[in-house]
Amino acid sequence: MTGLASWKKKREQMIFILCGAAGLRIGEALGIEINKHVSHDFLTISIAQKIHHGRVEQRLKTANGGRQVDLHPAIAALFQEFVGDRDTGFLFCTRAGRPLSPSNIIRRHLHKALKELNYVNPHTGTHKAGNHAFRRFRNTYLRNKTQCSEGLRNYWMGHKVNSMDDLYDKIKEDVQFRRKWAEQCGFGFELPYRCAECPEMYRKC
């Protein structure tokens, strides 16, 4: 993830960072619209749609896919910088404003980046990996490297409810609590150092 976070293509670099830090599927990330799904402070993203074959789909992969995902402040700062003065449209789009194709991102950028990083998939023996790798990274990090509660982890990841305790868990309604834990948990990889005035925003958290 640290290598992907330094990918040379700015747009795809931000896709990799956001997917890795938030556990998003690439289709979910590409479906984000700035004026609809991003909080004013860039600390929370609402997942409400996805891009499939270059088209918007309101139907998410699972019933619990519709959720809010909270970001570490360092990720939110990069996110805001990437958006710049845009206030409408897809977060990640073509020059004409159209949504990107998830398969193109994977084939033209993710696989190429992994090859340059000399990554070897332990299951296939190749350099290739799919968008599930970002979710696997985030879930594994939260589960094994942090004290994030299972309920909050499942909510951020959009996992299905396994018990009545999960069903009645009100953690998703406590935004401030979620954001506190998003900052406390961090994201588990290094960001490219780019700002001498605020180095704390670009370290491994």
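Residues numbered from 1 in each chain as written. Predicted model: local features only at pLDDT ≥ 70, side-chain atom pairs only at ≥ 80, totals over all residues. Heavy atoms only, no water.

(A) A look at helix α6 (residues 132-145). Over its 14 residues, α6 extends 19 Å from the first C-alpha to the last, a length consistent with the 20 Å expected when each residue adds 1.5 Å. Every buried residue belonging to α6 is among Phe134, Arg135, Arg138, Asn139, Tyr141 and Leu142, and all of these are buried. For α6, the arc enclosing every buried residue in end-on projection is 160 degrees, short of the 170-degree limit, so these residues lie on one face. Among the exposed residues of α6, those oriented more than 90 degrees off its buried face are Arg143, Asn144 and Lys145. In this fold, the buried residues of α6 make contact with α1 (10-22), α2 (26-30), β4 (67-70), α5 (102-116), α7 (150-157) and α9 (175-185). (Helix = DSSP H or I, 4+ residues; strand = E, 2+ residues; numbered from the N terminus. Expected span 1.5 Å × (residues − 1). Buried < 20%, exposed > 50% of the residue type's maximum accessible area, 1.4 Å probe, protein only. Arc of directions from axis to C-beta. Contact = heavy atoms within 4.5 Å.)

(B) A look at the pattern of salt bridges. For the coordinates displayed, the defined rule picks out nine salt bridges. The partner of Glu33 in a salt bridge is Lys36, with the nearest N and O atoms 3.6 Å apart. Look at Lys36 and you get exposed, because its relative accessible area is 55%. In this structure, Lys50 and Glu57 form a salt bridge, with 2.8 Å as the shortest nitrogen-oxygen distance. (Salt bridge = Lys/Arg side-chain N within 4 Å of Asp/Glu carboxyl O.)

(C) Molecular detail of the packing of α6 against α7. For the pair α6 and α7, the least separation of the axes is 10 Å and the interaxial angle reads 170 degrees. When the axis of α6 is compared with that of α7, the two are roughly antiparallel. Along its contact with α6, which presents Arg135, Arg138, Asn139, Leu142 and Arg143, the element α7 presents Arg153, Trp156 and Met157. Residues of the contact of α6 with α7, tallied by class, amount to three nonpolar, one polar and four charged. (Axes fitted to C-alpha atoms, helices over the stretch in contact; angles between N-to-C directions. Parallel < 35°, antiparallel > 145°, perpendicular 65-115°, else oblique. Nonpolar A, V, L, I, M, F, W, Y, C, P; charged D, E, K, R; others polar.)

(D) Up close: the confidence of the model for the protein. Residue-level pLDDT values for the protein average 88, and 89% of them are 70 or greater. In this model residues 199-205 is a low-confidence stretch, pLDDT under 50, and it forms 24 contacts with partners more than four residues away in sequence or in other chains. (pLDDT = per-residue confidence, 0-100.)

(E) Representation of the nonpolar core. Core analysis: the biggest nonpolar cluster contains 47 residues, and Phe16, Leu18, Leu24, Phe79, Leu91 and Phe92 have the highest contact counts within it. Of all elements in the fold, only α1, α2, β1 (44-47), α4 (73-83) and α5 reach the threshold of two or more residues within this core. Among the elements that take part in this core, α1 stands out by supplying eight residues, more than any other. When near neighbours in sequence (up to four residues on either side) are disregarded, Phe79 contacts Met14, Val38, Phe42, Ile45, Leu71 and Leu91. Listed in part, the ten residues of the second largest apolar core include Leu152, Tyr155, Trp156 and Ala182. (Core = buried A, V, L, I, M, F, W, Y, C linked by side-chain atoms within 4.5 Å.)

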